[in-house]
Amino acid sequence: MTSVGDPAAAERALDAEFAETVRRTGASLGALYLLAPGEQVLWLDVLCASGRDGRTVPCGRG
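Cut-offs applied
- Numbering of residues begins from 1 in every chain and follows the order in which that chain's sequence is written.
- Residues qualify for local features only when their pLDDT is at least 70, as the model is predicted, and side-chain atom pairs are given and counted only at 80 or more; totals for whole chains, interfaces and linings, by contrast, use all residues.
- Side-chain calculation: all heavy atoms of the structure are included, whereas hydrogens and water are not.
- Every residue carries a pLDDT, the predictor's confidence in it, which falls somewhere between 0 and 100.
- Helix and strand labels come from DSSP, where a helix needs a run of H or I of at least four residues and a strand needs a run of E of at least two; each type is numbered from the N terminus.
- Strand pairing is defined by DSSP finding a minimum of two bridges between the two strands.
- The span expected for a helix works out to 1.5 Å for each residue beyond the first.
- Any residue under 20% of the maximum accessible area for its type is buried, any over 50% is exposed, and the rest in between are partly exposed; the area is computed with a 1.4 Å probe on protein chains only.
- Note on patches: the residues involved have over 30% relative accessible area and no salt bridge, like charges join within 9 Å, and the nonpolar side chains Val, Leu, Ile, Met, Phe, Trp and Tyr join within 5 Å.
- Throughout, the Shrake-Rupley method with a 1.4 Å probe supplies accessible areas, and for residues the shown protein chains are the sole cover considered.
- Salt bridges are defined by distance alone: a side-chain nitrogen of Lys or Arg within 4 Å of a carboxyl oxygen of Asp or Glu.

Novice: Where do I start with the confidence of the model for the chain in this structure?
Specialist: Looking at the chain, the pLDDT average stands at 81 and 81% of residues meet or exceed 70. Mean pLDDT across the elements of the chain bottoms out in strand β3 (residues 56-61) (65) and peaks in strand β1 (residues 29-35) (91).

Novice: I tried to follow the pairing of β1 on my own but got confused; where do I start?
Specialist: Consecutive side chains of a regular strand alternate in pointing toward one face of the sheet and then the other. Across seven bridges, the pairing between β1 and strand β2 (residues 42-50) is antiparallel. The partner of Leu29 across the bridge, within β2, is Ala49.

Novice: It is not clear to me how helix α1 (residues 7-25) should be interpreted in this structure. Could you clarify?
Specialist: An α-helical turn contains 3.6 residues, so any two residues separated by three or four positions project in the same direction. For α1, with 19 residues, the first-to-last C-alpha span of 27 Å sits near the 27 Å given by 1.5 Å per residue. For α1, every residue scored as buried is listed here: Ala9, Phe18, Ala19 and Val22. Backbone geometry just downstream of α1 places Gly26 in the positive-phi region, at approximately 80°.

Novice: Quick question: what am I supposed to make of a nonpolar patch on the surface here?
Specialist: Among the surface-exposed residues, Tyr33, Leu35, Leu42 and Leu44 lie close enough to one another that they form a single nonpolar patch of about 420 Å² accessible area. At the level of elements, β1 and β2 are the ones that each hand at least two residues to the nonpolar patch.

As structure tokens, then:
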């Protein structure tokens, strides 16, 4: 995937993989929750929407 030393590249790679998963499953909306480091709670990390034309648009990061 990417080096630990480049967080921006890691975020872009995660965004791309997540968008592809949303698109491939035919979902209209996707939300990715990750376990917060050292905690027992989930945090919303990525939210994206898929249009009728198949384009997936990232809506934001948590």
